[in-house]
Amino acid sequence: MPRTFKLPHFYHSPIISVVKQARRDLDVRKRDLAPTLLDFGPVRFKIARHFGFCYGVENAIEIAYQALAENPDKRIFLLSEIIHNPHVNENLRQRGVQFLMDTAGMPLLPFDILMPDDVVIVPAFGTTLEVEQTLKARGVTLTAYNTTCPFVEKVWRRSEEIGKQDYTVVIHGKRYHEETRATFSHAQASAPVVVVRDLEEARDLAKVISGEADTAFFFEKFADRFSPGFDPILHLKRIGVVNQTTMLATETEAIANLLQDTIKTTYGEADMASHFADTRDTLCYATKENQDATLALIADGGDIAVVVGGYNSSNTSHLVELCQQHLPTYFIRDADELLSSQRIRHLELETKQVQTTENWLFQTNENETDQKTPTDIVLTAGASCPDVLLDEVLQKIVKWFPSTRSVEEVLEPFL
């Protein structure tokens, strides 16, 4: 039996949570990636098989609210955002939790205000060894309410293992994302480390491994993304690839395959094990499930896609990337971004700017006079997005369509 978590009741929803549970009951082994169809008549929602809160997020939220319940008379702090969802973080703030740093690691409150009796919660992304040591010196313990995702910790353990075998750790991630900062810190305690952002940067690293590019090229391309004392000639002879767990799993695999092929060409297939560590077991299952389900959702077709999640959520942004390659896609954080049936406020990934788009929902072809019926909306969410936010998005959109079926009618097959 998979573990169940005790989450606050306000994170559950009367529509999405019911559909998710019905799909779990029918497909215990998670083999069916087909989307769920909620047919309201003139508008239909195609919902991804896997989305929303993952194991690590539910674990983090449970621990955070447990800390509040168990320490009513103590000051409670979070090192930074518990997860990348503004609603979850704001609810914790309203309950008195104080945030010590922002997502970039910049201080919001000085550490010297902390006392040994204070409760400090470690977010799901984990934290750096440097922060741990600083707080330990102040007598603050981080073990009681450490919400670090178990799959992030798995990456740390594997990095330590291969580091002790004299492999260099190559991290596929965003260098200053909280998780990558933490993984970098933990990995460099036992190994040289370098971070690659994407496949293009992995190709640059491959040039250095093969000898096509020199050390000057490495230091220019990877400035501020390698550990102190990094020697490209020495430290790229033996490598292993791990990732920031919220990155595209397919891209991590492509990066690992590229670097493995480069090693094979450079050193020969017979000596592969001496130069390339097998780290495939570090990929996060939830990230891959959500991305695979999104691909199946896209393949099923739709008119537009709405992806819900925090604007600083890495895993949500990758779902948006997948969707927008195939259909008009709107990345919103909640139903408040649906300004009307004609106007939507959403994050543009390329510019990282929030913008407003007109005529987003009722789009017609130049040669057509009527809106297509039914309108098919592809709907999914990031791993840090509560189900209730999708409910609110869905119900707000439904109200803009006349003569829709009731929620009770639509949910009847799932009850």
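Scoring rules and cut-offs
Residues numbered from 1 in each chain as written. Predicted model: local features only at pLDDT ≥ 70, side-chain atom pairs only at ≥ 80, totals over all residues. Heavy atoms only, no water. Helix = DSSP H or I, 4+ residues; strand = E, 2+ residues; numbered from the N terminus. 1 Å grid on protein atoms, 1.4 Å probe; cavity = no way out; pocket = protein on both sides within 12 Å on 5 of 7 lines; lining within 4 Å. Points joined across faces, edges and corners; volume = space filled by probe spheres on them. Nonpolar A, V, L, I, M, F, W, Y, C, P; charged D, E, K, R; others polar. pLDDT = per-residue confidence, 0-100. Contact = heavy atoms within 4.5 Å. Salt bridge = Lys/Arg side-chain N within 4 Å of Asp/Glu carboxyl O. Buried < 20%, exposed > 50% of the residue type's maximum accessible area, 1.4 Å probe, protein only. Pairing = 2+ DSSP bridges. Axes fitted to C-alpha atoms, helices over the stretch in contact; angles between N-to-C directions. Phe/Tyr/Trp six-rings, centres within 6.5 Å; stacked < 30°, edge-to-face > 60°. Lys NZ or Arg CZ within 6 Å of the ring centre and 35° of its normal.

## A short note on unusual backbone geometry
Next, step 1: Unlike most non-glycine residues, Lys352 shows phi in positive territory, near 60°.
Next, step 2: Inspection of the secondary structure assignment puts Lys352 in the loop between strand 12 (343-348) and strand 13 (353-358).
Next, step 3: For Asn359, which is not a glycine, the phi torsion comes out positive at approximately 55°.
Next, step 4: Tracing the backbone through its elements, the reader meets Asn359 in the loop between strand 13 and strand 14 (375-381).

## Quick notes on the layout of surface pockets
To find leftover empty space, one rolls a probe the size of a water molecule over the atoms.
Next, step 1: Considering only enclosed or pocket space, the largest pocket measures out at about 1,000 Å³ in volume.
Next, step 2: If you tally residues by element for the lining of the largest pocket, the top one is helix 1 (residues 16-26), at 5 residues.
Next, step 3: Classifying every residue of the lining of the largest pocket by side-chain character gives 12 nonpolar, 7 polar and 10 charged.

## Brief notes about the confidence of the model for the protein chain
Next, step 1: In this model, the protein chain carries an average pLDDT of 94, and 97% of its residues clear a pLDDT of 70 or more.
Next, step 2: Here residues 365-369 scores under 50 on pLDDT; set against residues more than four positions off or in separate chains, the count is 0 contacts.

## Description of the pattern of salt bridges
Next, step 1: A full pass over the atoms with the stated rule returns 20 salt bridges.
Next, step 2: With a closest N to O distance of 2.9 Å, Asp387 and Lys20 form a salt bridge. Highlighted residues: Asp387 in helix 13 (residues 387-398) and Lys20 in helix 1, separated in sequence by 367 residues.
Next, step 3: Residue classification places Asp387 among the buried residues on the basis of a relative accessible area of 10%.
Next, step 4: You can call Lys20 buried: its relative accessible area is 10%.
Next, step 5: A salt bridge links Asp300 to Lys46, with the shortest nitrogen-to-oxygen separation between them at 3.1 Å. Remark: Lys46 occurs in strand 2 (residues 43-47) and Asp300 occurs in helix 11 (residues 285-300); sequence separation between them is 254 residues.
Next, step 6: Residue Lys46 is classed as buried on the basis of its relative accessible area of 9%.
Next, step 7: What you see here is one network of salt bridges that share partners, running through Arg158, Glu161 and Asp281.

## Points about empty space enclosed by the protein
Next, step 1: Counted by the stated rule, this structure contains 2 cavities of 30 Å³ or more.
Next, step 2: Reported here for the largest cavity is a volume of approximately 290 Å³.
Next, step 3: Lining of the largest cavity is provided by 24 residues; of these, Cys54, Val57, Thr245, Thr246 and Asn315 occupy positions nearest its centre.
Next, step 4: Secondary structure elements with two or more residues in the lining of the largest cavity: helix 2 (55-70), helix 11 and helix 12 (314-324).
Next, step 5: Looking at the lining of the largest cavity, the element that brings in the most residues is helix 11, giving 4 residues.
Next, step 6: Of the residues contributing to the lining of the largest cavity, the split by class is 11 nonpolar, 12 polar and 1 charged.
Next, step 7: Estimates place the volume of the second largest cavity at around 30 Å³.
Next, step 8: Along its surface, the second largest cavity is lined by Val19, Lys20, Arg23, Thr36, Ile47, Ala48, Arg49 and Phe51.
Next, step 9: Considering only residue class, the lining of the second largest cavity consists of 4 nonpolar, 1 polar and 3 charged.

## A short note on the sheet that holds strand 7 (residues 193-196)
Next, step 1: Judged by pairing direction, the sheet is parallel, and its 4 strands sit side by side in the order 7-6-8-9 without closing on themselves. Of all strands in the sheet, those with a lone pairing partner are strand 7 and strand 9 (276-277), marking the two edges.
Next, step 2: Running at roughly 170° to strand 8 (residues 239-243), helix 5 (residues 150-164) makes contact with strand 6 (168-172), strand 8 and strand 9 of the sheet.

## Side note on the packing of aromatic side chains
Next, step 1: Throughout the structure, instances matching the rule amount to 17 aromatic pairs.
Next, step 2: On the basis of an interplanar angle of 65° and a centroid distance of 5.3 Å, the ring pair of Phe219 and Phe226 is categorised as edge-to-face.
Next, step 3: Relative to Phe230, the ring of Phe226 lies with its centre 6.2 Å away and its plane at 50°, an arrangement referred to as tilted.
Next, step 4: Each member of the aromatic cluster is reached from another via a ring pair, and the members are Phe218, Phe219, Phe222, Phe226 and Phe230.
Next, step 5: Taking NZ or CZ as reference, Lys20 lies 4.6 Å from the ring centre of Phe51, over its face.
Next, step 6: One residue, Arg93, lies across the ring of Phe99, its end atom 4.0 Å from the ring centre.

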